[in-house]
Amino acid sequence: MFYFTSESAPLWTSVGLTAVYLAVIVVFAEALNRLTEIGAERTRKIVHIGAGNVILLAWVLKIPAWVGMSAAAIASLIAIISYFLPILPSINSVGRKSLGTFFYAVSIGVLVGWFWSIDAPQYAAIGILVMAWGDGLAALIGQRFGKHQYQLGGIQKSWEGSLVMAVASFSVTFLILSRFQDGNGAVAGVAVAVALFATALEAFSQLGIDNLSVPVGSAALAYFLMSWLQ
């Protein structure tokens, strides 16, 4: 069993803690968006990074797959509605040319459904946290310090942002896999492969599709490489 603890909290306690955590993240981001000049893009990244950590709560608290998938479906619906109505500007602006928030929720549902069913939640955590921390920090660092630009078709990225994406992806993958696998050489190799793959997927993304392709692709690659090595 790939869990942090041997005993799980009561279901509704676990769900309540998770809901409170997400509510605090959203309220904090909304407050920053409305009361400061930090800007909508930065508050979105705060939610992006903070919300991704919910996968760790789901893992630690042993939240059932059906709860995670149902929550992801509800979040997907809210994301679509907020694309047309000004519900939560810190998450999605009306008419914004990206469905990233929607894809993010879908990816959580897909990964929970897949890896909870085979008792391997660590791979769901890898996928979501690579997206949360890798893409989130890459965007923040790239916007602030990205002085060296490159283009892939009509997509413009910065080398600084891509480097942060790769480092964060490697770190997430290595730290999680090291908990379950002896031999850090093999784990480091898998982490490098996941980092390069995730960075490439993020670099080629448009319209927020990386919020689906990066987590699902990273989790799948880590899972299949580790299965092959074992």
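A. Just the environment of Leu11, in detail. Topologically, Leu11 is positioned in helix H1 (residues 11–35). In the structure, Leu11 is positioned 56 residues away from Val67 in sequence and 9.4 Å away in space, judged by C-alpha atoms. Not counting the four nearest positions on each side in its chain, Leu11 is found in contact with Pro64, Trp66 and Val67.

B. Expanded view of helix H7 (residues 159–178). For H7, which comprises 20 residues, the first-to-last C-alpha distance of 28 Å matches the rise-based estimate of 28 Å (1.5 Å per residue) to within 8%. All buried positions along H7 are accounted for by Glu160, Gly161, Ser162, Met165, Ala166, Ala168, Ser169, Val172, Thr173, Ile176 and Leu177.

C. How the structure looks around the packing of helix H6 (residues 121–145) against helix H9 (residues 210–229). Between H6 and H9, the least distance of the axes is 8 Å, while the angle of their chain directions is 135°. The pairing of H6 with H9 is recorded here as oblique in orientation. Relative to H9, H6 is oriented so that their crossing is right-handed. Every residue of H9 that contacts H6 at Tyr123, Ile126, Gly127, Ile128, Val130, Met131 and Asp135 is listed here: Asp210, Asn211, Val214, Pro215, Ser218, Ala219, Ala222, Tyr223 and Met226.

D. Examining helix H8 (residues 184–203) more closely. For H8, built from 20 residues, the straight-helix expectation of 28 Å at 1.5 Å per residue is met to within 8% by its first-to-last C-alpha distance of 28 Å. Along H8, the residues that are buried comprise Val187, Val190, Ala191, Val194, Ala195, Ala198, Thr199, Glu202 and Ala203.

E. The arrangement of the nonpolar core in detail. The biggest cluster of nonpolar side chains holds 35 residues, and the ones touching the most others in it are Ile55 and Tyr123. Listing elements by their share of this core, those giving two or more residues are helix H3 (54–60), helix H5 (100–117), H6, H7, H8 and H9. At 10 residues, the largest contribution of residues to this core is made by H6. Setting aside anything within four residues of it in sequence, one finds Tyr123 in contact with Phe115, Leu177, Ala219, Ala222, Tyr223 and Met226.

F. Structural context of the packing of aromatic side chains. Going through the model one piece at a time under the given rule, you end up with 9 aromatic pairs. Arranged with centres 6.1 Å apart and planes meeting at 75°, the rings of Trp114 and Tyr223 form a pair that is edge-to-face. Taken together, the residues Trp114 in helix H5 and Tyr223 in helix H9 connect sequence positions 109 residues apart. Between the aromatic rings of Phe115 and Tyr223, the centroid separation amounts to 5.5 Å while the plane-to-plane angle is 70°, which identifies the pairing as edge-to-face. With Phe115 in helix H5 and Tyr223 in helix H9, this residue pair connects regions lying 108 residues apart in the sequence. The class of Phe115 is buried, set by a relative accessible area of 0%. Using a relative accessible area of 22% as the deciding quantity, one classes Tyr223 as partly exposed.

Conventions and cut-offs
Residues numbered from 1 in each chain as written. Predicted model: local features only at pLDDT ≥ 70, side-chain atom pairs only at ≥ 80, totals over all residues. Heavy atoms only, no water. Helix = DSSP H or I, 4+ residues; strand = E, 2+ residues; numbered from the N terminus. Contact = heavy atoms within 4.5 Å. Expected span 1.5 Å × (residues − 1). Buried < 20%, exposed > 50% of the residue type's maximum accessible area, 1.4 Å probe, protein only. Axes fitted to C-alpha atoms, helices over the stretch in contact; angles between N-to-C directions. Parallel < 35°, antiparallel > 145°, perpendicular 65-115°, else oblique. Left-handed = near helix turned anticlockwise from the far one by under 90°. Core = buried A, V, L, I, M, F, W, Y, C linked by side-chain atoms within 4.5 Å. Phe/Tyr/Trp six-rings, centres within 6.5 Å; stacked < 30°, edge-to-face > 60°.

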